[in-house]
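Here is how the chains run, residue by residue.
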Amino acid sequence: MWQILWYIAVVLAIIYFFKGRNAVWGGLTIGAIVGLIIAVTFVFRGQSFHWHIILRSIVVGTIAGFVAELLGKVSDLIKRGERRKGY
């Protein structure tokens, strides 16, 4: 399952790479930072460094950013629809 989500995250990152600042790349960055912090805490607890934690955090952050982008687009559509109706 994580492989499929990883492929989806890579495709989303490539699609949104050329669109300037957006929530997809923001989510990817925040996911990488959070994953790195979690992986480092494992090291301080005496366990090994886990790269898969960082990768999974990046996937979750990228998909969360995409959802935020979609919510923004839906909000814009709703606003435009309200203007047309005269509300």
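Residues numbered from 1 in each chain as written. Predicted model: local features only at pLDDT ≥ 70, side-chain atom pairs only at ≥ 80, totals over all residues. Heavy atoms only, no water.

Chemist: I'd like a rundown of the overall build of the protein, residues and numbers included.
Modeler: When helices and strands are counted, the protein shows 3 helices and 0 strands. Each helix (α) and strand (β) of the protein, taken in turn from the N terminus, gives the series α-α-α. Over its C-alpha trace the protein gives a radius of gyration of 17 Å, far above what one expects of a compact globule, namely 12 Å for 87 residues. The principal-axis extent of the C-alpha atoms belonging to the protein is close to 65 × 25 × 25 Å. Split into buried and exposed, the 87 residues of the protein put 23% on the buried side. Partitioning the contacts of the protein with sequence separation of at least 6, the portion at a separation of at least 24 is 57%. For the protein, the accessible area works out to roughly 6500 Å², and carbon and sulfur atoms hold 70% of it. (Helix = DSSP H or I, 4+ residues; strand = E, 2+ residues; numbered from the N terminus. Rg over C-alpha atoms; globule rule 2.2 N^0.38 Å. Buried < 20%, exposed > 50% of the residue type's maximum accessible area, 1.4 Å probe, protein only. Contact = heavy atoms within 4.5 Å. Areas by Shrake-Rupley, 256 points an atom, 1.4 Å probe, with all protein chains shown as cover.)

Chemist: So what's going on with helix H2 (residues 23-44)? Residues and values would help.
Modeler: Here H2 spans 31 Å end to end across 22 residues, near enough to the 32 Å set by a 1.5 Å rise per residue. Three or more residues of H2 are buried, namely Val 24, Gly 27, Leu 28, Gly 31, Gly 35 and Ala 39. Looking down the long axis of H2, one finds its buried residues gathered within 100 degrees of arc, a one-sided arrangement. Opposite its buried face, H2 presents the exposed residues Ile 30, Ile 37 and Phe 44, each directed more than 90 degrees away. (Expected span 1.5 Å × (residues − 1). Arc of directions from axis to C-beta.)

Chemist: Hey, could you go over the packing of aromatic side chains for me, with residue numbers and the actual values?
Modeler: Think of a pair of aromatic rings as described by two things: how far the centres are apart, and how the planes are tilted against each other in angle. Summed over all chains, the structure comprises 4 aromatic pairs. Where Phe 17 meets Phe 18, the ring centres are 5.0 Å apart and the plane angle is 85 degrees; that geometry is what we call edge-to-face. Accessibility classification places Phe 17 together with Phe 18 in one group, the exposed group. Counting every residue linked through ring pairs, the aromatic cluster contains Phe 17, Phe 18 and Trp 25. Its end group placed over the ring of Tyr 16, Lys 19 keeps NZ or CZ at 4.9 Å from the ring centre. (Phe/Tyr/Trp six-rings, centres within 6.5 Å; stacked < 30°, edge-to-face > 60°. Lys NZ or Arg CZ within 6 Å of the ring centre and 35° of its normal.)

Chemist: Give me a nonpolar patch on the surface: which residues, what numbers.
Modeler: Together, Leu 36, Val 40, Val 43, Phe 44, Phe 49 and Trp 51 line one region of the surface with nonpolar side chains, adding up to about 620 Å² of accessible area. Here the nonpolar patch gets 4 residues from one element, more than from any other, and that element is H2. (Patch = residues over 30% accessible without salt bridge, like charges linked within 9 Å, V, L, I, M, F, W, Y side chains within 5 Å. Salt bridge = Lys/Arg side-chain N within 4 Å of Asp/Glu carboxyl O.)

Chemist: Lay out the nonpolar core in plain terms, naming residues and giving numbers.
Modeler: Counting 5 residues, the largest nonpolar core consists of Ala 13, Leu 28, Ala 39, Ile 54 and Ile 58. Listing elements by their share of this core, those giving two or more residues are H2 and helix H3 (51-85). Not counting residues within four places of it along the chain, the set of residues in contact with Ala 39 comprises Phe 49, His 50 and Ile 54. (Core = buried A, V, L, I, M, F, W, Y, C linked by side-chain atoms within 4.5 Å.)

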